[in-house]
Amino acid sequence: MCTVIVILIFFNFFDIFLFELSRSFPGIIFYFFKEVIDPISDILDPLNFIILFSLIFLVNFNIKSILNDEKKLSIIKDKTNYNREKIEDLFNYISLVSKHFIFSLTVAGIVCNLIKYIFGVSRPKYFFLEGYERLNFFNFEHKISSFPSGHTQAAFSLAVLFIIYFRRHFLIIILLATMMGLSRIFMSMHFPSDLIAGAYLGSVVPILFYDKMFKKKIEKIKKKHRFYFSDILKLMYLRIFI
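From a predicted model like this one, the values you see are computed outputs, not experimental measurements.

(A) Geometry of the overall build of the protein chain. Assigned secondary structure in the protein chain consists of 11 helices and 0 strands. Across the 242 residues in the protein chain, those meeting the buried criterion constitute 43%. Of all intrachain contacts in the protein chain linking residues separated by at least 6 positions in sequence, the fraction that spans at least 24 positions is 76%. Total accessible area on the protein chain is roughly 13,700 Å²; 68% of this is exposed by carbon and sulfur atoms. Across the protein chain, the centroid of the 29 positively charged side chains sits 9 Å from that of the 19 negatively charged ones.

(B) Geometry of the nonpolar core. Counting residues in hydrophobic clusters, the biggest one holds 39 residues, and the most contacted among them are Ile87, Tyr93, Phe101, Tyr165 and Ile218. Those elements that provide at least two residues to this core are helix H3 (46–59), helix H4 (63–67), helix H5 (70–80), helix H6 (84–119), helix H8 (150–165), helix H10 (192–224) and helix H11 (229–241). Element by element, the count of residues in this core is highest for H6, at 12 residues. If sequence neighbours within four positions are ignored, Tyr93 has contacts with Tyr165, Ile218, Ile221, Lys222, Phe227 and Ile232. Counting 11 residues, the second largest nonpolar core, distinct from the first, contains Phe156, Ile173, Met180 and Phe186.

(C) Representation of a nonpolar patch on the surface within the structure. Together, Met1, Val4, Ile5, Leu8, Ile9, Phe13, Phe14, Phe17, Leu21 and Phe25 make up a nonpolar patch on the protein surface, roughly 1,000 Å² of accessible area in all. Positionally, Ile5 belongs in helix H1 (residues 2–22). The exposure class of Ile5 is partly exposed, given its relative accessible area of 42%.

(D) Examining the environment of Ser95 more closely. Within the secondary structure, Ser95 sits in helix H6. On a C-alpha basis, the gap between Ser95 and Ser54 in space is 9.4 Å, while along the polypeptide they are 41 residues apart. Setting aside anything within four residues of it in sequence, one finds Ser95 in contact with Phe57 and Asn60.

(E) Inspection of the packing of H8 against H10 at higher detail. Contact geometry of H8 with H10 gives a least axis separation of 7 Å together with a crossing angle of 35°. For the pair H8 and H10, the crossing hand works out as right-handed. Contact with H8, carried on its side by Thr152, Gln153, Phe156, Ser157, Val160, Leu161, Ile164 and Tyr165, involves Leu195, Gly198, Ala199, Leu201, Gly202, Ser203, Pro206, Ile207, Tyr210 and Ile218 of H10 and no other residues of that element. For the contact of H8 with H10, the per-class residue count stands at 12 nonpolar, 6 polar and no charged.

(F) Structural context of the packing of aromatic side chains. Under the definition given, this model contains 27 aromatic pairs. Here Tyr93 and Tyr165 contribute two aromatic rings whose centre-to-centre distance is 6.5 Å and whose plane-to-plane angle is 90°, an arrangement assigned as edge-to-face. Pair noted here: Tyr93 is in helix H6 and Tyr165 is in helix H8, with a separation of 72 residues, a long-range link. One exposure class covers both Tyr93 and Tyr165, and it is buried. The exposure class of Tyr165 is buried, given its relative accessible area of 13%.

(G) Fine view of the pattern of salt bridges. Scanning all chains against the criterion turns up 6 salt bridges. Its salt-bridge partner being Glu88, residue Arg84 comes within 3.8 Å of it at the nearest N-O pair. Residue Arg84 and its partner Glu88 are both found in helix H6; the two are separated by 4 residues, about one turn of the helix. When its relative accessible area of 28% is taken as the criterion, Arg84 is described as partly exposed.

(H) Seen up close, H8. With 16 residues, H8 should reach 22 Å at 1.5 Å per residue; the first-to-last C-alpha distance of 23 Å fits that figure. H8 sits mainly inside the fold: 13 of its 16 residues count as buried.

(I) Examining unusual backbone geometry more closely. Cis rather than trans, the peptide bond between Phe147 and Pro148 has omega equal to -5°. Residue placement: Pro148 occurs in the loop between helix H7 (124–129) and H8. A positive phi angle, close to 65°, is found at Asn81, a residue other than glycine. For Asn81, the location among the structural elements is in the loop between H5 and H6. The exposure class assigned to Asn81 is exposed, which follows from its relative accessible area of 72%. Phi angles above zero are rare outside glycine, and Ser188 is one such case at about 65°. Mapped onto the elements, Ser188 comes out in the loop between helix H9 (170–186) and H10. Note on Ser188: relative accessible area 23%, which makes it partly exposed.

Reading the values: the criteria
Residues numbered from 1 in each chain as written. Predicted model: local features only at pLDDT ≥ 70, side-chain atom pairs only at ≥ 80, totals over all residues. Heavy atoms only, no water. Helix = DSSP H or I, 4+ residues; strand = E, 2+ residues; numbered from the N terminus. Buried < 20%, exposed > 50% of the residue type's maximum accessible area, 1.4 Å probe, protein only. Contact = heavy atoms within 4.5 Å. Areas by Shrake-Rupley, 256 points an atom, 1.4 Å probe, with all protein chains shown as cover. Lys, Arg positive; Asp, Glu negative; His and termini not counted. Charge placed at Lys NZ, Arg CZ, Asp CG, Glu CD. Core = buried A, V, L, I, M, F, W, Y, C linked by side-chain atoms within 4.5 Å. Patch = residues over 30% accessible without salt bridge, like charges linked within 9 Å, V, L, I, M, F, W, Y side chains within 5 Å. Salt bridge = Lys/Arg side-chain N within 4 Å of Asp/Glu carboxyl O. Axes fitted to C-alpha atoms, helices over the stretch in contact; angles between N-to-C directions. Left-handed = near helix turned anticlockwise from the far one by under 90°. Nonpolar A, V, L, I, M, F, W, Y, C, P; charged D, E, K, R; others polar. Phe/Tyr/Trp six-rings, centres within 6.5 Å; stacked < 30°, edge-to-face > 60°. Expected span 1.5 Å × (residues − 1).

Written out as C-alpha cells, the structure is:
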C-alpha cells in the first residue's frame, strides 16, 4: 500500500518536474547511461537468463538415470569426493534455482506488460512531443506505454534473484540495478514513477516465488550439505561431458 501511495505521489506531483530537471544535467551523464549502462541492460536481458536456465533445467531433467548408471556415478564420485546423496541433492538444488529464475522472470515480465496495457501511461517523448495524454487506458500501442518500466522490472528481478543466492555482493548488485533503472530517464523513455513501480514489481515477484515454492527445499539442502558455487559448476561440467 505504501508503494502505491509513493507511486501516486510521484505520478501526480514529481514526475514531470524531475524529468525536466534531468534535462539540465551535464552531457557526460547522458553519455554514461547511453554508452555504458544501456549496453549492460541488453546483455542482462531476462530472455537470455530464461533460455540459459531452461537449458540447465532440461540438461538435469533426467538426472536420476545418470545416477542409476554405476559407471557414470562412479566418475562423478571420483571427481567430486561426494556420496550419492550429496550429488543428487546438489543436482536438485540446481534444478530448483533454475525453476526459480524461470518462473520469476517470466511471471514478472508478463505482469509488467499487462499493467502497461491496462494503464497506458505515455512515455515522455509521446507526452511532451506528440500530444498524448499521460493516461491512455487499455492502450494497444505497446511502444508508447511506459508504466511500469520493463527494463527496471527486469533489472530488479535479476538483482533480487542474484542477491538470494549471492548475498555477499548485495551492494554491487543493487547499485547496478538502480543504474539500469535510472538510465531509462536519461534516455527519455520513462518517468520516475515508472521506475518505482518497475523496481517494486521486479523485487516482489522473485521473493514471493522463493517464499512460497522454493525456500524450504533449498534451505533443507543447504543445511545438509556445505557447498560453493564452484562445486555447482563442477557438477554441471561433469553432467554435460560424462
